[in-house]
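Survey of secondary and tertiary structure
The residues making up each chain are set out below.
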Amino acid sequence: MRRQVPVQLLFIALSVLYVFMLAPRGVLTARDSLDAYFHLTRIQALNGVWQSPINFFEWNHVGNATSLFYPWLTVAIGYPLFHFFGVVHGYLVFMGLVTYATLLAAYVSYRKFRHTEWPAILFALVYTFSFVRASNVLYRWGVGEFMAMIFIPPLFLAFYAVLKGHSASWRYAALWFSLIIYSHVLSAVIIGVNLLVLFLAALVVRWGVWSYWRQLFLRAVQFGLTTLLLTMAYWGPMVEQQLYQPLNRPAVFNMVHAGQSLPQLLNSSLRLDVRSYALGVFLLVVLVGVVLTIWFTDWVGRTMGLMALVMLVLSSTTFPWGLLQNTSVNIIQYPGRFLGMVMFWGVLYLVYMLETRWQTWRVPIQAVTTISIGAIAVGLFVGSARALWHTNTIIPANMAWITNDNAPARLRAFNQRDYYPVRAVKYAQSIEAHETLLNDQVINAPLHYSQTAASWQVHLSEDGRLDLPVLRFKGTRTWVDGELRSSSASPRGTAQIAVTKGAHRIVVVGSYTWFAKLSILMSVITAGLLGTMLFMRKRRA
């Protein structure tokens, strides 16, 4: 146990360094998009999420249902940090914890994989300080992506055990994959492709060993069903809302135009610019090493190397993405999303190849090699961060710099229209200006709001239809003078009720439907059963 103390102290120090390089002055920067505001707002809007999926205090008070469509379970720790430290400082503490968790997960996973110390430390350093992760953290604000990266090493450790015949490991695989889904759905799609490739490769290698096939298919069914039930709290309410009414989905990119050819990708990787959506110099050198040495290793190393090269092709327009543009595959938006898995397999290959040669090396040589390569990875990260400090943003200066003082007001006023009801998009400016309509005419009706409710005190000159400037989703409930009233969707996609002449107090709240509550209950029960199974197995071991 004492030998772990220096490792943990190293990880803590490196996590502090990572946060410092992100915000040396304690200020966050929105660089080339408003994604910073989107992610900060969706964490801030988690206040009250267990009571209602709709937050009226944030998102410009229009009743945006972002928490129904973007998974939030793994980022929920951010909200209490925002509450105690302020939005910006809370986010920096959050990033420190996430970076430490990434280092620890990578270290423990490799240590369990190979039962070696120095290679595990090296894998943790190079994985966490990779160019791809730096791009997600420093520039892209890929909160879901870097949260998912925590769970990738333990997932593939468990999946490797399943392929090796350790049947009980499917439970861990289902747990880690579910946490990836609860972090970032598109990362789960990319990782799912990797799992499928490995699954099919295992079947091909064991062709004719039908007992292995039967066992592996059984574990696949158990893994799939458990994952579906564990994540039903997310996908159940989301699918219900999508079936209820047409929704404005996120932008669909042209995957060919949004990607780079393989030569372009490799050329971009020669720079330290994290805005380039590339591999980075370190990983580029590793991939050259993969090509030169892949046939000099065993089948485990070859699998890692081949997976890295396959993911490299998929991350570029060398793969014919244009043929899949008009299919559901376009949900991934751009091929560069595969870069994270290129990095994972490439780094894993590097450490595995070094480790197989370390078996004849003395411990001091292993330590020096780890420190040297780790220092190169950390040094390249620091260089990339410093280079980004001196770049200009395309966001106006009055919005680019986010501080503890200006963040709360900006987050409350921030709009994002993904998953608006489709009919609301046309009238978004009117809704976001909080225009209340009586019989299609704008009336004076000041909006009051809290985390879970929007309210109006109105004085109406006639009977009619009152169209309120809050989006209507399934589960929206409306009270008039303390009495629950049925509401419908207006032509603007907002909550609409029938009213009579006179003074009224109107309150609108969001709520989980019975199906959403059932979905959450199913996930909680499954998590409880799975946790019990893992605990009992641990006790027997």
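The present account deals with the structure reproduced in this document. Only a predicted model underlies this, so the values are computations on that prediction, with no experimental measurement involved.

Quick notes on the environment of F199
By the element assignment, F199 lies in helix α10 (residues 185–205). A sequence separation of 150 residues divides F199 from Y349, and the C-alpha atoms of the two residues are 19 Å apart. Here F199 is in contact with F159, L216, F217 and A220, once residues within four sequence places are set aside.

Comments concerning the pairing of strand β12 (residues 502–509)
Note that strand β6 (residues 453–460) and β12 share eight bridges and pair antiparallel. Residue S455 lies in a different strand from β12, and its bridge partner there is V507.

Some details on a nonpolar patch on the surface
Taken together, the side chains of L229, W514, L518, L521, M522, I525 and L529 make up a nonpolar region of the molecular surface, amounting to roughly 670 Å² of accessible area. Residue contributions to the nonpolar patch peak at six residues, all from helix α22 (residues 514–540). You can see L521 is positioned in helix α22. A residue is classified by how much of its surface remains accessible, and L521, at 46% relative accessible area, is partly exposed.

Quick look at helix α16 (residues 339–358)
Between its first and last C-alpha, α16 extends 28 Å over 20 residues, near the 28 Å set by a 1.5 Å rise per residue. Counting buried positions along α16 yields 17 of 20 residues, so the element is predominantly enclosed.

Digging into the sheet that holds strand β11 (residues 494–499)
Spatial ordering of the open sheet is given by β4-β3-β7-β11-β10, a layout of five strands whose pairing is antiparallel. Of all strands in the sheet, those bounded by a partner on one side alone are β4 (441–443) and β10 (488–489). Direction of pairing for strand β7 (residues 464–471) relative to β11: antiparallel, over a ladder of five bridges. Bridging across to β11, L471 finds its partner in T494.

Cut-off values and rules
Position numbers for residues count from 1 along each chain, tracking the sequence in the order it is written. For this predicted model, a pLDDT threshold of at least 70 governs which residues receive local features, and a threshold of 80 or more governs which side-chain atom pairs are given and counted, while totals over whole chains, interfaces and linings are taken from all residues. Side-chain measures were taken over the full set of non-hydrogen atoms in the model, leaving aside hydrogen atoms and water. Going along the chain from the N terminus, every DSSP run of H or I of four or more residues is numbered as a helix, and every run of E of two or more is numbered as a strand. Only heavy atoms enter the contact rule, under which two residues are in contact if any of them lie within 4.5 Å. The criterion for strand pairing is that DSSP finds at least two bridges linking the strands in question. For patch detection, residues must exceed 30% relative accessible area and be free of salt bridges, and they are connected within 9 Å for like charges or within 5 Å for nonpolar side chains (Val, Leu, Ile, Met, Phe, Trp, Tyr). Each accessible area is a Shrake-Rupley result for a 1.4 Å probe, and residues are judged covered by the shown protein chains and nothing else. Every case where a carboxyl oxygen of Asp or Glu lies within 4 Å of a side-chain nitrogen of Lys or Arg is listed as a salt bridge. Only protein chains enter the accessibility calculation, which uses a 1.4 Å probe; a residue is then buried when its area is under 20% of its type maximum, exposed when over 50%, and partly exposed in between. One less than the residue count of a helix, multiplied by 1.5 Å, gives the span that helix is expected to have.

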